[in-house]
Amino acid sequence: MPVAVEDGKLADRVAPLVKQLDAASKADRDAAEQGLVKLGAAAMVYLPADDAPVSAEAALRLKRIRKQFEQLEVEQFPAARAVTLHADQMPLDQALAEIERQTGNPLVDHRQKFGQLPGPVAITLDVQDAPFWPVLDRLLDQAMMTTYPYADTRALALVNRAPNMLPRAGRAVYWGAFRIEAVDLTSRRDLRDPSRDHFRTLIELSWEPRFRPVVVKLPRRDVRVQYDDQAERSATDRTVLEPAIGSRAKAYEFDVWLPIPPHGSRRISSLKGEFQLQIPGREADFRFKNLAGERSLEQRQAGVTVALESVVAKPVVRPAGGQPALRPWEVSLRVTFDKAGQALESHRNWTDDNPLWIETPDGQRLDPLAQTTTRQSDREFGVSFTFQREQGLDNCTLVYRTPTAIIDVVVPFELKGLELP
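Residues numbered from 1 in each chain as written. Predicted model: local features only at pLDDT ≥ 70, side-chain atom pairs only at ≥ 80, totals over all residues. Heavy atoms only, no water.

Q: Any chance you could explain the overall build of the chain here in plain terms?
A: Looking only at helices and strands, one finds 5 helices and 25 strands in the chain. Judged by the C-alpha coordinates and their principal axes, the chain covers about 75 × 65 × 45 Å. Every one of the 421 residues in the chain was classed for burial, and the buried ones make up 45%. Considering only contacts within the chain whose residues lie at least 6 apart along the sequence, 69% involve residues at least 24 apart. When the accessible surface of the chain is split by element, carbon and sulfur atoms take 49% of a total near 21400 Å². Charge centroids of the chain, computed over 56 positive and 59 negative side chains, lie 2 Å from each other. (Helix = DSSP H or I, 4+ residues; strand = E, 2+ residues; numbered from the N terminus. Buried < 20%, exposed > 50% of the residue type's maximum accessible area, 1.4 Å probe, protein only. Contact = heavy atoms within 4.5 Å. Areas by Shrake-Rupley, 256 points an atom, 1.4 Å probe, with all protein chains shown as cover. Lys, Arg positive; Asp, Glu negative; His and termini not counted. Charge placed at Lys NZ, Arg CZ, Asp CG, Glu CD.)

Okay, here's the thing in structure tokens:
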């Protein structure tokens, strides 16, 4: 188990252990390596860069540590974030802020955006290391609220629920960082063509808002249903459902056609299947210094390599009115993943959300005026950014933030006891 250390203090724990990797005693070097591993995958961002000037011994050990961290990150990635909250009539905004602080899941009260009156709400909850979704469901039930997962925001939007809507708690099943709920059941009988008879269910998959899945699939062929504890039957629609997921979506509803229930059936005793997702993992910053002098440089972290391919000065723009001449600069990058699956298919544009900026010598941040994807393949993409700066890019630093891996996640589910219409 990783040692419990606040993120803000991890750097202070990592630095002396990294230095100890060069200790004279092998026992001390071994102890330092074990100590770093115990800090957990969150410590990976504080390790020296791959190209840092360290000894061969330290480089070998750091490589082993990174491999362990990367494997640990993949294993822990789909796990639910835990919440500890001892709230006695705590204001809603304070409770939401505390849950966000502990889990990294951004939450926003969206009631005003919906024209709803955001009246005061007091929350009473006493939970210790409880998973995010069950805690949030209980909190929203107290507040008579629900989620709106399609708002154009990185945060999960929360709104008042409709007057007749049932409580959230007890309606869903949970698997790690995911919430699965059946939201609709509809029976259809075609009086002309019996082969078109079907029983339709709508299943909603929600994920913790810290995620931004880029591929989400439900293989309908693997969905199986039991009516009144009778024999399992397969879904009648055998295709794989793969919706287009927006980068800010927090849920999606999947339409599945099932066999018509036998006459007299009263409930679905079991409905099960599995979702398949690809999710960008931990983000990291790649920093390229002194842009006026750097060309064709590569940096690697975990499972991604970022290459600064070119920094090109464009013709000077001379504004009217005697204003200073502005020189456009075009910066081109190549980003390569060890493994990307379907995440870089041409119709997916999630990489457009990867932020990039320039830090000037006087501490200012310069954002790009435009960006263009220059190429895309199954494992890599190229992108160019246009900046404008009168003084040039001497001693400026380019910062590009990207996920360091694309992680495959399988989410099994089984819904039970659904009353038939």
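Having seen the structure, we can now continue with the description.
Q: Quick question: what am I supposed to make of the environment of K416 here?
A: Along the chain, K416 turns up in the loop between β24 (406-415) and β25 (418-419). When the C-alpha atoms of K416 and Q226 are compared, they prove to be 9.3 Å apart, with 190 residues separating the residues in sequence. In contact with K416, not counting residues within four places along its chain, are I268 and S269.

Q: Please explain helix α3 (residues 56-76) as it appears in this structure.
A: In an α-helix there are 3.6 residues to a turn, and that puts residues three or four apart on one side. Its 21 residues place the ends of α3 30 Å apart at the C-alpha level, agreeing with the 30 Å of an ideal helix rising 1.5 Å per residue. Turning to α3, its buried residues are A58, R61, L62, I65, R66, F69, E70 and E73. Next to the buried residues of α3 lie α2 (26-38). (Expected span 1.5 Å × (residues − 1).)

Q: Before we go on, may I ask you to explain the sheet that holds strand β23 (residues 397-403) in this structure?
A: Backbone hydrogen bonds are what pair the strands of a sheet, in a parallel or an antiparallel way. Read across the open sheet, the 4 strands follow the order β15-β23-β19-β20; overall the sheet is antiparallel. Of all strands in the sheet, those with a lone pairing partner are β15 (283-289) and β20 (365-366), marking the two edges. Pairing between β15 and β23: 7 bridges, direction antiparallel. In the sheet register, A284 faces β23, and the bridge partner there is T402. (Pairing = 2+ DSSP bridges.)

Q: Sorry, what's going on with the sheet that holds strand β7 (residues 178-188) here?
A: Taken together, 4 strands build an open sheet; the order of strands is β6-β7-β8-β13 and the sheet is antiparallel. Of all the strands in the sheet, the pair left with one neighbour each is β6 (172-175) and β13 (251-258). Across the sheet, the axes of successive neighbouring strands diverge by a mean angle of 25°, strand direction being ignored. Looking at chain direction, β7 and strand β8 (residues 198-207) are connected through 10 bridges and run antiparallel. By the bridge assignment for β8, I180 is matched with L205. (Axes fitted to C-alpha atoms, helices over the stretch in contact; angles between N-to-C directions.)

Q: It is not clear to me how the packing of aromatic side chains should be interpreted in this structure. Could you clarify?
A: The relation between two aromatic rings is expressed through the spacing of the ring centres and the mutual angle of the planes. Going through the model one piece at a time under the given rule, you end up with 12 aromatic pairs. Seen in terms of ring centroids, F114 and Y148 are 4.8 Å apart; in terms of plane orientation they differ by 70°. Their pairing is edge-to-face. Residue F114 is found in the loop between β2 (107-109) and β3 (122-131), and its partner Y148 is found in strand β4 (residues 145-148); the two are separated by 34 residues along the sequence. Looking at F114, the relative accessible area reads 40%, which means it is partly exposed. With a relative accessible area of 31%, Y148 lands in the partly exposed category. Consider the rings of F254 and F275, whose centres lie 5.0 Å apart with planes at 55°: the pair is tilted. In this pair, F254 sits in strand β13 while F275 sits in strand β14 (residues 267-280), placing the two residues 21 residues apart along the sequence. (Phe/Tyr/Trp six-rings, centres within 6.5 Å; stacked < 30°, edge-to-face > 60°.)

Q: Can you help me understand the pattern of salt bridges in this one?
A: Side-chain pairs of opposite charge can arise where the charged atoms are in close proximity. Throughout the structure, instances matching the rule amount to 37 salt bridges. Notably, a salt bridge pairs E283 with R212, separated by 3.2 Å at the nearest N-O pair. With E283 in strand β15 and R212 in the loop between β8 and β9 (215-219), the pair connects residues that are 71 residues apart, well separated along the chain. Owing to a relative accessible area of 10%, R212 belongs among the buried residues under this scheme. With a shortest N-O distance of 3.0 Å, R365 and D367 are connected by a salt bridge. Several salt bridges share partner residues, and in doing so they unite K26, R29, D30, E33, E57, R61 and R64 into one network. (Salt bridge = Lys/Arg side-chain N within 4 Å of Asp/Glu carboxyl O.)

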